[in-house]
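# Structure assessment
Next come the chains, spelled out residue by residue.
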Amino acid sequence: MLEHRVTLRPTMLSDLDFVVGVEQDAANRPFITPWDRTQHEGAIRFPDARHFIVELDAQRAGFVILQGCRNPSRSVELKRIVLGPKGQGVGRVCVRLLKKMAFTQLGAHRFWLDVKGRNLRAQALYRSEGYVEEGRLRECVRAEPLDDGVSGTGFDDLIVMSLLGREYEARVAQGLEAA
């Protein structure tokens, strides 16, 4: 269990070297489609997006991006979550903070994401946090080689998952989410 304090704060332009660096880390690249600095600047400035630095004990540990924050259908996307530390529970805390933000602050009806098919660790996390698989886009993204020696086809699937507001509220009522 995580014994450290995880917080989210708005990303500043001065954080972008860190953001690009953690995104380029070999442990993260196979599971995301990296952006260039200009794309991150756009997400910081675009009113429909939220770009946050994840801090662990007041030290930068990663970043997250939400999109669709002003979507008229109230469908907010968890566009990106990229972390340095692995296996410490930071990802789970981030997902919980983001769910609460999406449903209580942004008024989301649906909070969705896509995750690469090879990212089994993230899929398990999202399922355990109440997300439901909606569908699979087969071999739709170029795949970075994994360090496990599996060559694959050079392409990966994207799995679309979501959590609806009523499902989130049911989880709150069951004590599975912070009220």
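In the block above lies the structure referred to throughout.
Heads up: these notes are all about the structure in this document.

The rules behind each value
- Residues numbered from 1 in each chain as written.
- Predicted model: local features only at pLDDT ≥ 70, side-chain atom pairs only at ≥ 80, totals over all residues.
- Heavy atoms only, no water.
- Helix = DSSP H or I, 4+ residues; strand = E, 2+ residues; numbered from the N terminus.
- Rg over C-alpha atoms; globule rule 2.2 N^0.38 Å.
- Contact = heavy atoms within 4.5 Å.
- Areas by Shrake-Rupley, 256 points an atom, 1.4 Å probe, with all protein chains shown as cover.
- Lys, Arg positive; Asp, Glu negative; His and termini not counted.
- Charge placed at Lys NZ, Arg CZ, Asp CG, Glu CD.
- Polar contact = N/O pair within 3.5 Å; in protein donor to acceptor, adjacent residues only side chain to side chain.
- Pairing = 2+ DSSP bridges.
- Axes fitted to C-alpha atoms, helices over the stretch in contact; angles between N-to-C directions.
- Salt bridge = Lys/Arg side-chain N within 4 Å of Asp/Glu carboxyl O.
- Buried < 20%, exposed > 50% of the residue type's maximum accessible area, 1.4 Å probe, protein only.
- Core = buried A, V, L, I, M, F, W, Y, C linked by side-chain atoms within 4.5 Å.
- Parallel < 35°, antiparallel > 145°, perpendicular 65-115°, else oblique.
- Left-handed = near helix turned anticlockwise from the far one by under 90°.
- Nonpolar A, V, L, I, M, F, W, Y, C, P; charged D, E, K, R; others polar.
- Arc of directions from axis to C-beta.

Along the protein, the regular secondary structure elements total 5 helices and 7 strands. Each helix (α) and strand (β) of the protein, taken in turn from the N terminus, gives the series β-α-α-β-β-β-α-β-α-β-β-α. Radius of gyration (C-alpha) of the protein: 16 Å, near the 16 Å computed for a compact globule of 179 residues. On the principal axes, the C-alpha backbone points of the protein span a range of 45 × 35 × 35 Å. Put simply, of all contacts in the protein between residues at least 6 apart along the chain, 62% involve residues at least 24 apart. Accessible surface, the protein: about 9600 Å² in total, of which carbon and sulfur atoms supply 52%. In the protein, 26 side chains carry a positive charge and 24 a negative one; their mean positions are 3 Å apart.

Attention shifts here to the side chain of Glu55. Position of Glu55 relative to the elements: it lies in strand E2 (residues 50–56). At 2.8 Å, the side chain of Glu55 forms a polar contact with the side chain of Arg9. Among residues more than four places away in sequence, those in contact with Glu55 are Arg5, Val6, Thr7, Arg9, Arg60 and Ala61.

Attention now moves to the sheet that holds strand E3 (residues 59–67). In spatial order, the strands read E1-E2-E3-E4-E5-E7-E6; together these 7 strands make up an open sheet with mixed pairing. Taken across any chain shown, the strands that pair with only one partner, and hence form the sheet edges, are strand E1 (6–10) and strand E6 (132–142). On average, adjacent strands in this sheet sit at an angle of 30° to one another, irrespective of strand direction. The sheet contact formed by E2 and E3 spans 7 bridges and is antiparallel. Within E3, the position partnered with Arg50 by the bridge is Leu66. Seen against the sheet, helix H3 (residues 90–105) touches E1, E2, E3, strand E4 (75–83), strand E5 (110–116) and strand E7 (155–164) and runs at an angle of roughly 55° to E1.

Here we take up the pattern of salt bridges. Counted according to the given criterion, the structure contains 16 salt bridges. In this structure, the salt-bridge partner of Arg136 is Asp157, at a minimum N-O distance of 2.9 Å. One end of the pair, Arg136, is in strand E6; the other, Asp157, is in strand E7, with 21 residues separating them in the sequence. Look at Arg136 and you get partly exposed, because its relative accessible area is 40%. Where salt bridges share partners, they join Arg92, Arg96, Lys99, Glu129, Arg171 and Glu177 into one cluster.

As a further point, take the nonpolar core. Ranked by internal contacts, the top residues of the largest apolar core, which has 31 residues, are Leu66, Phe111, Tyr126 and Tyr131. Among the secondary structure elements, those contributing two or more residues to this core are E2, E3, E4, H3, E5, helix H4 (120–128) and E7. It is H3 that contributes the most residues to this core, 7 residues altogether. In this structure Tyr131 touches Val95, Lys99, Phe111, Leu113, Tyr126, Met161, Ser162 and Leu163, once residues within four positions along its chain are discounted. Listed in part, the 10 residues of the second largest apolar core include Leu16, Ala43, Ile53 and Phe63.

Moving on to the packing of helix H1 (residues 16–24) against helix H2 (residues 37–45). It is at 10 Å that the axes of H1 and H2 come closest, and there the two elements cross at 120°. Considering the angle they form, H1 stands oblique to H2. Our pair here, H1 against H2, has a crossing hand that is right-handed. Only Arg37, His40, Glu41 and Ile44 of H2 make contact with H1, whose side of the interface consists of Leu16, Asp17, Val19, Val20 and Glu23. When the residues that make up the contact of H1 with H2 are grouped by side-chain class, the tally is 4 nonpolar, 1 polar and 4 charged.

Looking now at H1. Within H1 the residues assigned to the buried category are Leu16, Val19, Val22 and Glu23. Projected down its long axis, H1 carries its buried residues within an arc of 130°, all on one side.

Nothing here speaks to function; it is all geometry.
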